[in-house]
Amino acid sequence: MMASNNLKLKPRLNIESSGTYESDDKNNKENEGLSEGSLNDVLSALKDKQEEFSQMIADYSIFDKRTLVDLMETADSIIIKADLPRLKSQDIEIAISEDNVDICAEMEEEQLGSDMNYIQRERSYGKIKRSINLPSKVKASEAEGTFNNSVLTIRLPKQEKNILKLKIDWWTVYH
């Protein structure tokens, strides 16, 4: 059993439907409970901290800092499809080498009006970068891409393999 002789208990506040607060102990003139003004200050501070925390989480979770990508292969090319919602083609940078593709973009945060506050915030903003290692070497200079309905499609022609064919004279091998 815990000792409670060091605890200072305050009267419980009842919230009436009118939005006013009333102490359980109406006759206690030395009520140490929160006044309506100080309760509003506490609630306002909590709301501000919640918004800061939500922004911090959003900064760390933008697409899990990753863009969703499908990587496909045909006999002569590699195809990449990437979902990039809420972006415009001018917001996207693509760097291609013979064995890697980097997709970079930045989403600017929407500015709310001065009379507007977030109640819930799930969409994220900030920089994203996705680096994709390719399963075979490609001709980077011949890459083609389109951006349609928030889907980036990149077609990368494969490099032709240098195959050296060695002709062996079977007559000299067996004689």
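Attention in this report is confined to the structure presented alongside it. All of these numbers come straight from a predicted model, not from anything done at the bench. (Residues numbered from 1 in each chain as written. Predicted model: local features only at pLDDT ≥ 70, side-chain atom pairs only at ≥ 80, totals over all residues. Heavy atoms only, no water.)

Side note on the environment of Ile92
Part 1: In this structure, Ile92 sits in strand E5 (residues 92-96).
Part 2: Distance in space between the C-alpha atoms of Ile92 and Ala105 is 4.6 Å, their sequence separation being 13 residues.
Part 3: Setting aside residues up to four positions removed in sequence, Ile92 forms contacts with Leu84, Leu87, Ile103, Cys104, Ala105 and Phe147. (Helix = DSSP H or I, 4+ residues; strand = E, 2+ residues; numbered from the N terminus. Contact = heavy atoms within 4.5 Å.)

Side note on the sheet that holds strand E7 (residues 126-133)
Think of a sheet as strands paired side by side through backbone hydrogen bonds, with each pair either parallel or antiparallel.
Part 1: The strand order across the open sheet built from three strands is E5-E6-E7, with neighbouring strands paired in antiparallel fashion. The outermost strands of the open sheet, each flanked by one partner alone, are E5 and E7. Strand-to-strand twist of the sheet, defined as the mean angle between neighbouring strand axes without regard to direction, takes the value 10 degrees.
Part 2: In terms of strand pairing, E5 meets strand E6 (residues 100-107) through five bridges, oriented antiparallel. (Pairing = 2+ DSSP bridges. Axes fitted to C-alpha atoms, helices over the stretch in contact; angles between N-to-C directions.)

Thoughts on the nonpolar core
Side chains that are nonpolar tend, in soluble globular proteins, to be buried together.
Part 1: Grouped together as the largest cluster of nonpolar side chains are 18 residues, with contacts concentrated most on Ile80, Leu84, Leu87, Val101, Ile103, Leu134 and Leu156.
Part 2: In terms of residue count, the dominant contributor to this core is E6 (four residues).
Part 3: Beyond its immediate chain neighbours, meaning those up to four positions away, Leu156 contacts Asp76, Ser77, Ile78, Ile80, Ile96, Val101, Leu134, Val138 and Ala143. (Core = buried A, V, L, I, M, F, W, Y, C linked by side-chain atoms within 4.5 Å. Buried < 20%, exposed > 50% of the residue type's maximum accessible area, 1.4 Å probe, protein only.)

Brief notes about the sheet that holds strand E8 (residues 144-148)
Part 1: Sheet architecture is open: four strands sit in the order E3-E4-E9-E8, paired in antiparallel fashion. Across the chains shown, the open sheet's two edge strands, defined by having one partner strand only, are strand E3 (69-73) and E8. Taken over all neighbouring pairs, the strand axes of this sheet differ in orientation by 15 degrees on average, direction set aside.
Part 2: Across seven bridges, strand E4 (residues 77-83) lies against strand E9 (residues 151-157) in antiparallel orientation. Residue Ser77 lies in a different strand from E9, and its bridge partner there is Pro157.

Geometric values such as these leave the question of function open.
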